[in-house]
Amino acid sequence: AVSLASPQPALEMSAISASEKVDGFTRKSVRKAQRQRSCQGSSQFAAGSSRPAAPEISALPQLKDASSTEQHELFMQKLQQCCVMFDFYDTVTDLKSKETKRATLSELVDYVSTNRGVLVEPAYPEITTMVSTNIFRTLPPSENPDFDPEEDEPTLEASWPHMQLVYEFFLRFLENPDFQPSTAKRYIDQKFVLQLLELFDSEDPREREFIKTVLHRIYGKFLGLRAFVRKQINNIFLRYIYETEHFNGVAELLEILGSIINGFALPLKAEHKQFLMKILIPLHTAKGLALFHAQLAYCVVQFIEKDPTLTEVVVRGLLKFWPKTCSQKEVMLLGEIEEILDVIEPTQFKKIQEPLFKQISKCVASPHFQVAERALYYWNNEYILSLIEENNAKILPIMFGNLYRISEEHWNPTIVALVYNVLKTLMEMNSKLFDELTASYKCDRQREKKKEQEREELWRKLDELGLQETSAIQNNRHEIQFTYSNNNNNNNNLHDKDENPAAAITDRIESNTWAK
Amino acid sequence: ASGAQGPALVEGVGLGMAGADSDDSLYPIAVLIDELRNEDVQLRLNSIKKLSTIALALGVERTRTELLPFLTDTIYDEDEVLLALAEQLGNFTMLVGGPEYVHCLLPPLESLATVEETVVRDKAVESLRKISHEHSPVDLEVHFEPLVKRLASGDWFTSRTSACGLFSVCYPRVSSTVKAEIRQHFRTLCSDDTPMVRRAAASKLGEFAKVLELEYVKSDIISLFTALASDEQDSVRLLAVEAGVSIATLLPQEDLETLVMPTLRQAAEDKSWRVRYMVADKFSDLQKAVGPEITKNDLVPAFQNLLKDCEAEVRAAAANKVKEFCENLPEDSRETIIMTHILPCVKELVSDTNQHVKSALASVIMGLSTILGKDNTVEHLLPLFLAQLKDECPEVRLNIISNLDCVNEVIGIRQLSQSLLPAIVELAEDAKWRVRLAIIEYMPLLAGQLGVEFFDEKLNSLCMAWLVDHVYAIREAATCNLMKLVEKFGAEWAQNTIVPKVLGMANDPNYLHRMTTLFCINALSEVCGQEITTKHMLPVVFKMSNDQVANVRFNVAKSLQKIGPVLDSNCLQTEVKPVLEKLASDQDMDVKYFAQEAISVLSLA
């Protein structure tokens, strides 16, 4: 449906909106027309009518002018004042109060960042309440359900003039030298963190940037929340991968994880390995990979650097999820594999070289020149080249067929030129093997073709059998099976099956059909 | 025979027919398994898709003893292959020897139900549900139910998610002790630590409730429903809404108020718009489930709130339900409720800021006229229709026009025609061709409602203008539209009003317009009948066979083939045949081709 975000993919709205019937291409145009409204309020405000007006707030005296005895009381009052929310949708009303709140917030930011001794215990609940009231909200539906962050302008948070200061204030609070996690943990608890994590879905990149820093500080200071944070991030990713394919803050979360992984102690816990294999690797299948691939690849490489024995499972995992149709993603994965190869240990390399180079060989032969080019660039990497050289007896036969073929066939002259260079390098590595492969190239092709024909023949016969069996099934299954196995066996003896297994089975099937 | 084949074969030779069953083994399964292991995914996929063929070739026993263990052991493959496998196994009962052996299929399906990829898992669950019905009650307890339990207590969330979908299929057919266990497992999953599992449980809650005894619905299901409906994650809460509707249908009226209504009321006011959206989306089902009294007392105010919701998504979902909701109101108070409670909200929606809300409303608003009757329609609804007909968004106008028939029945279309015309004209000339296409599709309907006079006077020129639209799809639709109009108004009308105009285009300097003449003739010849075709159309077609553009000429050949059946045989032989023969010797190969095709189809050779 056009711009109505459905709440969950499984419950996709069934009614096709009329504009879709009218114009399959409206998506873009409708969206562009809507752009005039590029800010949106949070779900908490009714658009327009029937909302009780926010109470007016009037400026309190400046904190710096208050005596030290009054200061704390004034600080509390100001925090409470900042809990009053304003509708930024409405650009005409409450202007004065909005400005008062802005000035107050800005004063509070200064107050917690420059003063010592202001974070007394009673301030903690007031501060968390003020922050929660201002930032925690149900994010509004995206105006543009197929929001493409690479192409479209994000919808910005309308109340940013206040919200930015609230985030700013919260950060200064967390970074204040007097900050006591042991006191704060009563207020900054699991529920708080959960709500914070949900805000990572905000479409406004400025907000996500702030939350990233906030979460990073919280993760650093609250040891008791760490496992919980990791688990909830896992849940977000799993939902993203397997359920919604929609979450705006994947890149930011991965960035935080990158630094978390960096700090993992060795040997790695099972939980962390599971995170790598069950979440980071499947994340590569996501449609929006381009938006967070850099951060994702960083996390993966971090893991391998920490524990090289993970190399094999990681590479095999990536090969399992290798993109089938999306060339852009293929190029990204080739980039990631190169990053892995840059840090790979030679012993680990030996374990994955065969499946890996089978894939690389396919990439080199890709009709998409960017994929082929990216794969061929591996031969410019000194370290990779040394690994190939060391294992050329294994790798050369895998690569040779495709390289030889596309050196004659590829449509793109740049690729052909690159392939010639690669072939030359390989020839220099092991000219004897290279000559043998060249000599047997034709034979190998023919053998492959023949094998292919035999396969087809096998299936043709199997299909015939299937058809006959199905039609005979009602008549008498048992009898048919009986005849079938008897005949098979009789026939077995008459054939020399060593040479051609496929022919053998088809022959006996033939005899079976004949018997009927 | 050679001994190189290995012991099995040697033995086979020795024992002859008697040993047939055992010997024959190893070899072919190896070949088939090779296919299933092929390095190329596509080939592997093809083989898996033909798994039933392989099983047939092996026979039931070897399928059970060799193929299934192989499949169970080697489940590590591309998800696409696994998906095909999960699907195949659901249809494998006969291939393993019938219901008696169907439990052999459980091990591979169990593994498939634990994989990461949702699509595969769902398919495995679907297949498991399917084959569960083929289990005898004993097998269900001995084989199937333990599998469900294993899945329900699996380590990783995937297996627990899959388990949620299996409880309801085994529950009705097991003993009461096992039933109690199943209920306990379901309870546990509803409060699972992982939101994915809670979502799965919430989405199956309604289905599970349906197979439970009423006492357990009241004691177990209600508390689970209440808990899920106040989950910390809105994605769980919204799924509980649907379950709530199913549960409400199961309970006697007197329990509804205490057991489900508090929770549903809370959902309608949830802080997350996704949950409120879900309530709006399920509103008609909900209304049916709770009955007239609760509808009057609770649902009417809730519906009003949804229509006034702060999120456009919610308002649009509610607007979509306006007609259905009004239709299903209890008859005694229907009109009062609509007039005093619903209509004021509807009026506001007509000038909503969001076009999707307006267009959702426009797609159903006309339906209110049958419910409210003539006087109310004229007084209250007509102004709204007229306002929507002037809406800036074409989608809104189109939705009104596409539902004109509802109003016609009640007040006649004349009341609207003054406003209708400018709206139609504007849509007919919209810059987006798909909008133009949509309005063309409503033309036959409009023509039928407005009558031939109005049509000739106001709309005919539009219909002709579309024939020369610069977008082919519009010209094509316009051609088809003419045919439908003739079906409505008759051949005589066609001869007087449209045929002359269509034939006039044969002399147009633009060859695309000349071709449109031919396309119109193709469409019109049959509805216009032999006389008009022979007398008026055919001469024009013949004349165009000399066109200088080859595309026109081969379309002449295609047209002749098309209208041939309408003509009499004399005409075919004496007039059509010579023209086609001439075209068959044209210098353009396409013209030749289509001329020859026409000659052979019309049997003129």
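Analysis parameters
- Residues numbered from 1 in each chain as written.
- Chains lettered and ligands numbered in written order.
- Predicted model: local features only at pLDDT ≥ 70, side-chain atom pairs only at ≥ 80, totals over all residues.
- Heavy atoms only, no water.
- Helix = DSSP H or I, 4+ residues; strand = E, 2+ residues; numbered from the N terminus.
- Buried < 20%, exposed > 50% of the residue type's maximum accessible area, 1.4 Å probe, protein only.
- Contact = heavy atoms within 4.5 Å.
- Areas by Shrake-Rupley, 256 points an atom, 1.4 Å probe, with all protein chains shown as cover.
- Rg over C-alpha atoms; globule rule 2.2 N^0.38 Å.
- Lys, Arg positive; Asp, Glu negative; His and termini not counted.
- Charge placed at Lys NZ, Arg CZ, Asp CG, Glu CD.
- Phe/Tyr/Trp six-rings, centres within 6.5 Å; stacked < 30°, edge-to-face > 60°.
- Lys NZ or Arg CZ within 6 Å of the ring centre and 35° of its normal.
- Salt bridge = Lys/Arg side-chain N within 4 Å of Asp/Glu carboxyl O.
- Axes fitted to C-alpha atoms, helices over the stretch in contact; angles between N-to-C directions.
- Parallel < 35°, antiparallel > 145°, perpendicular 65-115°, else oblique.
- Nonpolar A, V, L, I, M, F, W, Y, C, P; charged D, E, K, R; others polar.
- Expected span 1.5 Å × (residues − 1).
- Core = buried A, V, L, I, M, F, W, Y, C linked by side-chain atoms within 4.5 Å.
- pLDDT = per-residue confidence, 0-100.
- Disulfide = S-S within 2.5 Å.
- 1 Å grid on protein atoms, 1.4 Å probe; cavity = no way out; pocket = protein on both sides within 12 Å on 5 of 7 lines; lining within 4 Å.
- Points joined across faces, edges and corners; volume = space filled by probe spheres on them.
- Left-handed = near helix turned anticlockwise from the far one by under 90°.

Student: Report on the overall build of chain A, specifying residues and quantitative values.
Tutor: From N to C terminus, chain A includes 22 helices and two strands. Of all 516 residues assigned to chain A, the portion counted as buried reaches 53%. Long-range contacts, defined as pairs at least 24 residues apart, comprise 75% of the intrachain contacts of chain A with a sequence gap of at least 6. For chain A, the accessible area works out to roughly 23900 Å², and carbon and sulfur atoms hold 53% of it.

Student: Outline the overall build of chain B, listing residues and values.
Tutor: Scanning chain B for helices and strands turns up 36 helices and zero strands. Relative to its length of 605 residues, chain B is extended, with a C-alpha radius of gyration of 34 Å against a globular reference of 25 Å. The C-alpha extent of chain B, read off along each of the three principal axes, is 85 × 80 × 35 Å. Of all intrachain contacts in chain B linking residues separated by at least 6 positions in sequence, the fraction that spans at least 24 positions is 68%. Carbon and sulfur atoms form 51% of the exposed surface of chain B, whose accessible area is close to 24300 Å². Taken together, the 58 basic and 86 acidic charged side chains of chain B have centroids lying 4 Å from each other.

Student: Now, about the packing of aromatic side chains: what can you tell me, with residues and values included?
Tutor: Following the criterion strictly, the structure yields 34 aromatic pairs over all chains and no others. Each member of the aromatic cluster is reached from another via a ring pair, and the members are A:Tyr124, A:Phe136, A:Phe170, A:Phe173, A:Phe179, A:Phe192 and A:Phe222. A cation over an aromatic ring shows up here: B:Arg183 above the ring of B:Tyr216, its NZ or CZ 3.4 Å from the ring centre. The residue whose ring lies beneath B:Lys558 is B:Phe594, and the NZ or CZ to ring-centre distance is 4.8 Å.

Student: How would you sum up the pattern of salt bridges? Please name residues and give values.
Tutor: Residues and elements named next belong to chain A. Counted according to the given criterion, the structure contains 59 salt bridges over all chains. With a shortest N-O distance of 2.7 Å, Glu255 and Lys212 are connected by a salt bridge. Residue Glu255 is found in helix α11 (residues 250-262), and its partner Lys212 is found in helix α9 (residues 205-221); the two are separated by 43 residues along the sequence. Note that Lys350 is salt-bridged to Glu390, the shortest N-O span being 3.6 Å. Pair noted here: Lys350 is in helix α16 (residues 346-364) and Glu390 is in helix α18 (residues 382-390), with a separation of 40 residues, a long-range link. Judged by relative accessible area, which is 44%, Lys350 ranks as partly exposed. Salt bridges sharing partners connect three or more residues here, namely Arg137, Glu157 and Glu207.

Student: Any chance you could break down the packing of helix α19 (residues 283-307) of chain B against helix α20 (residues 312-320) of chain B for me, citing the residues and the numbers?
Tutor: Residue and element names in this part refer to chain B. Close contact between α19 and α20 brings their axes to 7 Å; oriented N to C, the two are set at 130°. The angle between α19 and α20 falls in the class oblique. Mapping the contact onto sequence places Phe303, Leu306 and Leu307 in α19 and Val314, Arg315, Ala318 and Ala319 in α20. Of the residues assigned to the contact of α19 with α20, the class counts are six nonpolar, no polar and one charged.

Student: Got a sec to walk through helix α6 (residues 160-175) of chain A? Specific residues and values, please.
Tutor: Note on helix geometry: an α-helix contains 3.6 residues per turn, so any two residues three or four positions apart are oriented the same way. Residue and element names in this part refer to chain A. Taking 1.5 Å of rise per residue, 16 residues should cover 22 Å, and α6 covers 22 Å from first to last C-alpha, within 8% of that figure. Trp160, His162, Met163, Leu165, Val166, Tyr167, Phe169, Phe170, Leu171, Phe173 and Leu174 are the residues of α6 that are buried. The elements touched by buried residues of α6 are α3 (68-81), α4 (95-114), α5 (123-135), β2 (156-157), α8 (190-198) and α9.

Student: Tell me what's going on with unusual backbone geometry, and back it up with residues and numbers.
Tutor: Following A:Leu266, the chain continues to A:Pro267 via a peptide bond in cis, the omega torsion being -5°. Within the fold, A:Pro267 resides in the loop between α11 and α12 (270-283). The phi dihedral of A:Glu245 is positive, around 55°, even though this residue is not glycine. Backbone geometry at B:Ser603 places phi at a positive 50°, although glycine is not the residue there. Structurally, B:Ser603 is set in the segment after α36 (589-601). Classification of B:Ser603 as exposed rests on a relative accessible area of 58%.

Student: Would you mind going over the nonpolar core in detail, with residue names and values included?
Tutor: The biggest cluster of nonpolar side chains holds 363 residues, and the ones touching the most others in it are A:Phe75 and A:Ile218. Top contributing element to this core by residue count: α19(B), with 11 residues. Apart from the residues lying within four places of it in its own chain, the contact partners of A:Ile218 are A:Phe170, A:Leu174, A:Ile188, A:Phe192, A:Val193, A:Leu196 and A:Leu225. The next biggest cluster of nonpolar side chains, apart from the first, holds five residues, and it includes A:Ile57, A:Val84, A:Phe86 and A:Phe88.

Student: Describe helix α14 (residues 311-320) of chain A, with residues and values.
Tutor: Residues of α14(A) that are buried: A:Thr311, A:Val314, A:Val315, A:Gly317, A:Leu318 and A:Leu319. Turning to α14(A), the residues buried within the fold contact α12, α13 (293-306), α15 (327-343) and α16 of chain A.

Student: Please set out the confidence of the model for chain A residue by residue, giving values where relevant.
Tutor: Residue and element names in this part refer to chain A. Per-residue pLDDT for chain A averages 80, and the proportion of residues at 70 or more is 79%. Note on residues 1-39: pLDDT under 50 across the span, and 84 contacts to partners over four residues away in sequence or across chains. Note on residues 46-51: pLDDT is under 50 here. Beyond four places in sequence and across chains, it has seven contacts.

Student: Residue-level account of the state of the cysteines, with values.
Tutor: Residues and elements named next belong to chain B. This model, assessed by the stated rule, comprises zero disulfides over all chains. No disulfide involves Cys345; its nearest neighbouring cysteine sulfur is the one of Cys326, lying 10 Å away. Residue classification places Cys345 among the buried positions, given a relative accessible area of 5%.

Student: Break down empty space enclosed by the protein for me, with residues and values.
Tutor: As enumerated under the stated definition, the model contains seven cavities of 30 Å³ or more in all. Taken as a whole, the largest cavity encloses approximately 100 Å³ of empty space. In this structure, the largest cavity is lined by A:Leu194, A:Leu197, A:Glu198, A:Gln232, A:Asn235, A:Ile236, A:Arg239, B:Pro195, B:Arg199 and B:Gln233. Taken together, the elements giving at least two residues each to the lining of the largest cavity come down to α8 and α10 (226-244) of chain A together with α13 (195-211) of chain B. Considering only residue class, the lining of the largest cavity consists of four nonpolar, three polar and three charged. If you add up the space inside the second largest cavity, you get close to 60 Å³.

Student: Mind laying out the side chain of A:His162, listing which residues take part and the relevant values?
Tutor: All names here are of chain A. Assignment of secondary structure puts His162 in helix α6. The class for His162 is buried, based on a relative accessible area of 4%. Residues contacting His162, with those up to four places away along its chain left out, are Phe86, Phe88, Lys98, Lys101, Arg102 and Leu105.

Student: An account of the side chain of A:Thr128 is requested, with residue identities and associated values reported.
Tutor: Residue and element names in this part refer to chain A. Mapping Thr128 onto the fold places it in helix α5. Thr128 gets classed as buried once you look at its relative accessible area, which sits at 5%. In contact with Thr128, not counting residues within four places along its chain, are Tyr187, Ile188 and Phe192.

Student: Can you lay out the environment of A:Arg405 for me, pointing to particular residues and giving the numbers?
Tutor: All names here are of chain A. Tracing the backbone through its elements, the reader meets Arg405 in helix α19 (residues 392-409). What makes Arg405 partly exposed here is its relative accessible area of 28%. Residues Arg405 and Leu238, spaced 167 residues apart in sequence, show a C-alpha to C-alpha distance of 42 Å.

Student: Please provide a residue-by-residue account of the packing of α13(B) against helix α14 (residues 214-229) of chain B, values included.
Tutor: Residues and elements named next belong to chain B. Taken N-terminus to C-terminus, the directions of α13 and α14 make an angle of 145°; their axes are 11 Å apart at the nearest point. Relative to α14, α13 is oriented so that their crossing is left-handed. Residue-level inspection shows Arg198, Ala202, Leu205, Phe208 and Ala209 of α13 in contact with α14, the latter providing Val217, Ile221, Leu224, Phe225 and Leu228. Taken together, the residues of the contact of α13 with α14 break down into nine nonpolar, no polar and one charged.

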